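Geometric and topological summary
The lines below spell out each chain.
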Amino acid sequence: MHPRIKQLKEKKLVGIRNKMSFSDNTTLELWRSFIPRLGEIENRIGTDRYSIQVYPPLFFASVDLNTEFEKWAAIEVTDETILPDWMEGFTLHEGTYAVFDYKGSPNDAEETFKYIFGKWLPNSEYILDQRPHFEILGEKYKNDSADSEEEIWIPVLPK
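Quick caveat: nothing in here was measured; it's all calculated off a predicted structure.

Reading the values: the criteria
- Residues numbered from 1 in each chain as written.
- Predicted model: local features only at pLDDT ≥ 70, side-chain atom pairs only at ≥ 80, totals over all residues.
- Heavy atoms only, no water.
- pLDDT = per-residue confidence, 0-100.
- Helix = DSSP H or I, 4+ residues; strand = E, 2+ residues; numbered from the N terminus.
- Polar contact = N/O pair within 3.5 Å; in protein donor to acceptor, adjacent residues only side chain to side chain.
- Contact = heavy atoms within 4.5 Å.
- Salt bridge = Lys/Arg side-chain N within 4 Å of Asp/Glu carboxyl O.
- Buried < 20%, exposed > 50% of the residue type's maximum accessible area, 1.4 Å probe, protein only.
- Pairing = 2+ DSSP bridges.
- Arc of directions from axis to C-beta.
- Patch = residues over 30% accessible without salt bridge, like charges linked within 9 Å, V, L, I, M, F, W, Y side chains within 5 Å.
- Areas by Shrake-Rupley, 256 points an atom, 1.4 Å probe, with all protein chains shown as cover.

With respect to the confidence of the model for the protein
- On average, residues of the protein score 93 in pLDDT, and 100% of them are at 70 or above.
- At the level of individual helices and strands, the protein shows its lowest average pLDDT in helix α2 (residues 110–120), which scores 93, and its highest in strand β1 (residues 4–8), which scores 98.

Some remarks on the side chain of Asn43
- Structurally, Asn43 is set in the loop between α1 (27–34) and β3 (44–54).
- Looking at Asn43, its side chain comes within polar contact range of the main-chain oxygen of Asp79, at 2.5 Å.
- Apart from residues no more than four positions distant in its own chain, Asn43 is found in contact with Glu76, Val77, Thr78, Asp79 and Ile82.

Describing the pattern of salt bridges
- Summed over all chains, the structure comprises 10 salt bridges.
- Arg17 is paired through a salt bridge with Glu70; the nearest N and O atoms lie 2.7 Å apart. Of this pair, Arg17 sits in strand β2 (residues 11–20) while Glu70 sits in strand β4 (residues 69–77); the two residues are 53 residues apart in sequence, bridging distant segments of the chain.
- For Arg17, a relative accessible area of 36% corresponds to the partly exposed category.
- Taking the relative accessible area as the measure of exposure, Glu70 reaches 14% and is therefore buried.
- In this structure, the salt-bridge partner of Lys114 is Glu111, at a minimum N-O distance of 3.7 Å. One end of the pair, Lys114, and the other, Glu111, are both in helix α2, three residues apart, so they sit about a helical turn from each other.
- For Glu111, a relative accessible area of 54% translates into the label exposed.
- Salt bridges sharing common partners tie together Arg4, Asp101 and Glu151.

Here we look at the pairing of strand β9 (residues 149–158)
- The pairing of strand β6 (residues 95–103) with β9 spans seven bridges and is antiparallel. Counterpart to Ala98 in the pairing with β9 is Ile154.
- Here three bridges tie strand β7 (residues 126–128) to β9, and the two strands are oriented antiparallel to one another. By the bridge assignment for β9, Leu128 is matched with Val156.

Thoughts on the environment of His133
- Considering the arrangement of structural elements, one finds His133 in strand β8 (residues 133–137).
- Taking relative accessible area as the criterion, His133 reaches 5% and is therefore assigned buried.
- Contacts of His133, omitting those with residues within four sequence positions, involve Ser51, Ile52, Gln53, Tyr55, Phe60, Phe117, Leu128, Trp153, Ile154 and Pro155.

Thoughts on α1
- Within the sequence span of α1, burial applies to Thr27, Leu30, Trp31 and Phe34. Taken down its axis, α1 places every buried residue within 90° of arc, on the same side.
- Buried residues in α1 make contact with β2, β3, β4 and β8.

A word on α2
- Among the residues of α2, those classed as buried are Thr112, Ile116 and Trp120. Seen from one end, α2 has its buried residues packed into an arc of 50°, which puts them on one side. In α2, those exposed residues whose orientation departs by more than 90 degrees from the buried face are Glu110 and Glu111.
- Here the buried face of α2 lies against β1, β6, β7 and β9.

Structural notes on a nonpolar patch on the surface
- Taken together, Phe22, Val63 and Leu65 make up a surface patch of nonpolar side chains, about 280 Å² in accessible area.
- Relative to the helices and strands, Val63 resides in the loop between β3 and β4.
- Look at Val63 and you get partly exposed, because its relative accessible area is 49%.

What follows is the structure, given as structure tokens:
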């Protein structure tokens, strides 16, 4: 599995967020709250959905399944100031990302993330950057299906 190295241009997003941990993962509830209300977002760009993780500093120094992070369910917009009253704006700032194509159920992605952080990253020309991680859930994303496809975006900096 070899990533594409991409330069992300700034993106304006609108969505909702939850605090969670790997041991108390509320991702399903987050998306169940967000998806039915997508139609309320007037200025959407495309249909790609963004699953964003904002990890605290040093989160990956020693992963603790109980350490909280912030997770967003979001969609790209032309202007993040036009918000339904129950959503917030979020800006993904420009930067370098390693982009991995993943095919399979999200429930089976653990091995892919172990490979990214345990093998690819330590042997690459990059180090992890302290910016949001995210997945793009595009038209080939099919929830829990083994045929589901998504992109995994990992923030990186040259060593």
